[in-house]
Each structure stands twice: as structure tokens, then as C-alpha cells.
Amino acid sequence: MNRESRPGTRAVWAGEEDYLVHGATQVPVVLSVAYGYHDMDEWYDVATGKKKGHIYGRNTNPTVQAFEDKLKTMEGAEAATSFSTGMAAISNTLSTFLVPGDRIVSIKDTYGGTNKIFTEFLPRQQVEVALCETGNHEEIEAEVEKGCKILYLESPTNPTVKITDIERMANAGHAAGALVIVDNTFGTPINQNPLALGADLVIHSATKFLGGHADALGGAVCGSKQLVEQIYHYREINGATMDPMAAYLILRGMKTLHLRVRQQCDNAKALAEYLQTKDIVEGVYYPGLPEHPNHDIAKKQMKDFGGMLSFAVKGGVETVRELLPKLQFAHRAANLGAVETTVGPARTTSHVECTPEERAAMGIPEGLIRVSCGIEETADILSDFEQAFEQTAAALEV
Ligand SMILES: *Cc1c(COP(=O)(O)O)cnc(C)c1O
């Protein structure tokens, strides 16, 4: 769709018209694994890429393509390809470009699964990994200058929502000849477009904000046609294909992305400000707060500050154990980005595989609670936390 439009309108309309059949106003779920041809020449032309069409579901599927087309439009990208999960998008993208002897620079606070790729899997494929302090731009620049094939970033990060200057890092990466990749799962295409800030590839876990209803797994990568074609080729052979049903659910979820993200941002801001007033709260981490160390960078590169925040409570694990079960409008689960508010301790969710000492070294207190704000009405979220804090204080006799 090349009609001029704003992101929220694109979320509703983009990427769909090529896939509507029989006058349907909605993209159909095409479950067929294979596509048949009467004409042998046409079959040959589609199979060899001379003509548009589909051959086999591991390669392409109309429902999945509609999702890819919508996302690429929202990220302002030339091309997009999709995956069974966000982790498949990340691992397949890295494997497309990295060979033994290569070097990759990233940050310490990437998503837990991504961090495992860096610490467990890439080293055994003889890829050197340099992980910098998240938000330490000088350290990242120094490591990039030593030479690397990929600079891999994520902003905001999990769980302490740290911010990295994407434009500045993209310049550093390109000066060193590196490919700059940004995981934009927390940012969402509504709040942040890394390609416009200079990144080469943007990755999403579509499982989170894009789908938004915690009922489908998926991943995607967007960028130039030349790069995405290489990643698509790796994926079509290695097989981490997005399921058509998941593509449909995520496509439907994306139509309300701008509305959901707006409410999630409003809730996160209100909750962050409220938490700052509570004596039992030791620290609030949200890039929308002027006290956040990189608030200015967040303000420069994001349209709004997102639905994710975290806070640390006095009394550590004991307080967490009392507080979280008392919330009425929150799932206690490892997911994020859904319409329901979801909470969890960092020690159980994002950083479950670290020891308490390792978490402390990473600046993650044992009493850190991650909140993914849902789309509930703000006043209900605030009063829910208020009653949970009151009951917790009574139970702990503080
Ligand atoms: C969840 C998540 C992933 C991984 O996505 P899956 O769909 O669970 O594989 C990657 N990056 C970030 C930032 C995430 O939150």
C-alpha cells in the first residue's frame, strides 16, 4: 500500500490488499502445505522465482506474507521475512552472516535467550563475542573499532529498561564496516524505527507486542531486500517457518497495535510515577522518568517510552513473595507485551539462570519486579497496586 498514511493507519491497512480473495475483507488463513499448477511452464517459473506465487509452505505462504508485508511497511523497510519464534529470527539472522573467526559486539543486557547464544553457542562455533556494559557508549565504540562483523543491540532492555543511542551506535558500526542489528521488541514499530536511525536490520519477537494477545509465537526481521533475501534463504532451508495460524493471529493483533501501545505507555508512565511515591519501593526503572540516566536519548529516538518498567522493593524476595500474589489484575508469568498486565520477579523470569551474585553484578536486585503494562484502565491498575501494597505492609508488619 503506497497511500500516504500514519503508523496507526498502516497497522490497520498495510500489507493486506494483495491477499484478499473472493471479496473477503480479511486475509484468509491458508493452511495448504503445497500449491498446485496445471501449466508446467508456470510451475517452473514460480519455482525458479521468475513469477510470483507459492510452491511449498516451508518457503512461503500467503497469510505469512501478509504479516511480513504489514510489518515491513510499519518499520519502513524494503523487505521482511518471518520465523516460528523471536529466537528463531535472532539465531537464523546471526547464522546467516557469522562464520568461524568472525567477531560480534553486543551488550550485556540483551534478552536472556540472545545472551545464551552469545555465551554458549557462538563461542563453540569459533565466533568471538564482546559484551559491553549496556548504555556505555564509549565502551561499545571502542570494541566496535577493534573490528567486528556484527554490532547487535537491543533498546530498551530487559529488565531494567536501559537505553542505547541507536543512531550513534549505527554510525560507529558502519565506520567499522559492521552490520548493525537492533532487536526492537520492546520499542515496537509504533514507538521506535531503528532503520530510520541507521540500523541495517530490525528484529522482532512478534510473540510480544505485535501479536499482543499472548496466543501465538512468531518472529521477524526487516531490512534491505539484499540482506533479507539472504536471511530468507537460510530460513527456508533450515526450516524455522512461521505457522499460518500464528501469522493470522499476529496480523489481527497488529491492527490494534497503536491503540494498545498508547494505553500501555500511559499505564506505564502513571504506574512508574505512582511507584516513586511508595516508601517500600527502592528504585523505579522507566525511560519516561526524567531521573532515568538515558531519558534524553530515549526522548530523542522514541515517540513514547513503552509499556515495560521495573521496580525494586525493600525486603527483597520476601516482599516480592507477599506482594505479587495480591495483585488482582496481573498475570504472574514470563510473558510480556500482552493486553493483560503481566508481572514477574527478574530472578524467576529474565535472569532465572543467573546466581544471586551474578544478578547483583548486573545491577539486578533480588527484589526487582518486571511489569509489562496491559491495556486495562489506568485507575484500576493504580488502585490494584495500592491495595496490594497495603495488604503487603500489613502482612509484613512494616
Ligand atoms: C521474547 C523476546 C525474544 C524472543 O522471542 P520468542 O518469540 O520468545 O522466541 C527476543 N527478544 C526480546 C526482547 C524478547 O522480549
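Everything that follows concerns the structure shown earlier in this document.
Just so you know, these numbers come straight off a predicted model, no measurement behind them. (Residues numbered from 1 in each chain as written. Predicted model: local features only at pLDDT ≥ 70, side-chain atom pairs only at ≥ 80, totals over all residues. Heavy atoms only, no water.)

Peer 1: So, the nonpolar core: which residues are in play, and what are the values?
Peer 2: Core analysis: the largest hydrophobic core is formed by 32 residues, its most contacted members being Phe-67, Leu-71, Leu-210, Cys-222, Ile-250, Met-254 and Leu-257. Secondary structure elements with two or more residues in this core: helix 3 (62–75), strand 7 (219–223), helix 10 (244–254) and helix 11 (257–276). Each of two domains, domain 1 (7–254) and domain 2 (259–396), supplies a minimum of three residues to this core. Residues Ala-268, Ala-298, Leu-323 and Ile-381 belong to the second largest nonpolar core, which totals 30 residues. (Core = buried A, V, L, I, M, F, W, Y, C linked by side-chain atoms within 4.5 Å. Buried < 20%, exposed > 50% of the residue type's maximum accessible area, 1.4 Å probe, protein only. Helix = DSSP H or I, 4+ residues; strand = E, 2+ residues; numbered from the N terminus. Domains from an automatic or database assignment.)

Peer 1: Explain the sheet that holds strand 10 (residues 331–332) residue by residue, including any values.
Peer 2: Ordered in space as 8-9-12-11-10, the five strands form an open sheet in which the pairing is mixed. The open sheet has two edge strands, strand 8 (281–285) and strand 10, and neither has a second partner. Of the strand pairs in this sheet, strand 9 (residues 308–313) and strand 12 (residues 368–372) are connected by five bridges, and their pairing is antiparallel. Opposite Leu-309, over in strand 12, you have Val-371 as the bridge partner. (Pairing = 2+ DSSP bridges.)

Peer 1: Go over empty space enclosed by the protein, please, and point to the residues and values.
Peer 2: Evaluated as defined, the whole model comprises one cavity of 30 Å³ or more. Of the volumes computed, that of the largest cavity is approximately 30 Å³. If you go around the largest cavity, the residues you meet are Pro-156, Val-161, Phe-186, Pro-287, Phe-305, Gly-306 and Met-308. Residues that form the lining of the largest cavity fall into these classes: six nonpolar, one polar and no charged. (1 Å grid on protein atoms, 1.4 Å probe; cavity = no way out; pocket = protein on both sides within 12 Å on 5 of 7 lines; lining within 4 Å. Points joined across faces, edges and corners; volume = space filled by probe spheres on them. Nonpolar A, V, L, I, M, F, W, Y, C, P; charged D, E, K, R; others polar.)

Peer 1: Which residues make up the packing of helix 3 against helix 10, and what values go with them?
Peer 2: Viewed as axis vectors pointing N to C, helix 3 and helix 10 meet at an angle of 35°, and their least axial separation amounts to 8 Å. Of the two elements, helix 3 crosses helix 10, and the hand of that crossing is left-handed. Residues Thr-63, Val-64, Ala-66, Phe-67, Lys-70, Leu-71 and Met-74 of helix 3 lie in contact with helix 10, whose contacting residues are Pro-244, Ala-247, Tyr-248, Ile-250, Leu-251 and Met-254. (Axes fitted to C-alpha atoms, helices over the stretch in contact; angles between N-to-C directions. Left-handed = near helix turned anticlockwise from the far one by under 90°. Contact = heavy atoms within 4.5 Å.)

Peer 1: I'd like a description of the sheet that holds strand 4 (residues 150–154), backed by residues and values.
Peer 2: The strand order 1-7-6-5-4-2-3 describes an open sheet built from seven strands, whose pairing is mixed. The outermost strands of the open sheet, each flanked by one partner alone, are strand 1 (79–83) and strand 3 (128–132). Across the sheet, the axes of successive neighbouring strands diverge by a mean angle of 20°, strand direction being ignored. Here strand 4 pairs with strand 5 (residues 179–183) via five bridges, running parallel. Residue pairing for strand 5: Tyr-152 is matched across the bridge by Ile-181. Contacts between helix 3 and the sheet are confined to strand 1, strand 6 (201–205) and strand 7, with strand 1 contributing the most and set at about 130° to the helix. Most of the contacts of helix 5 (residues 112–124) go to strand 3, to which it runs at about 150°, and overall it touches strand 2 (103–107), strand 3 and strand 4.

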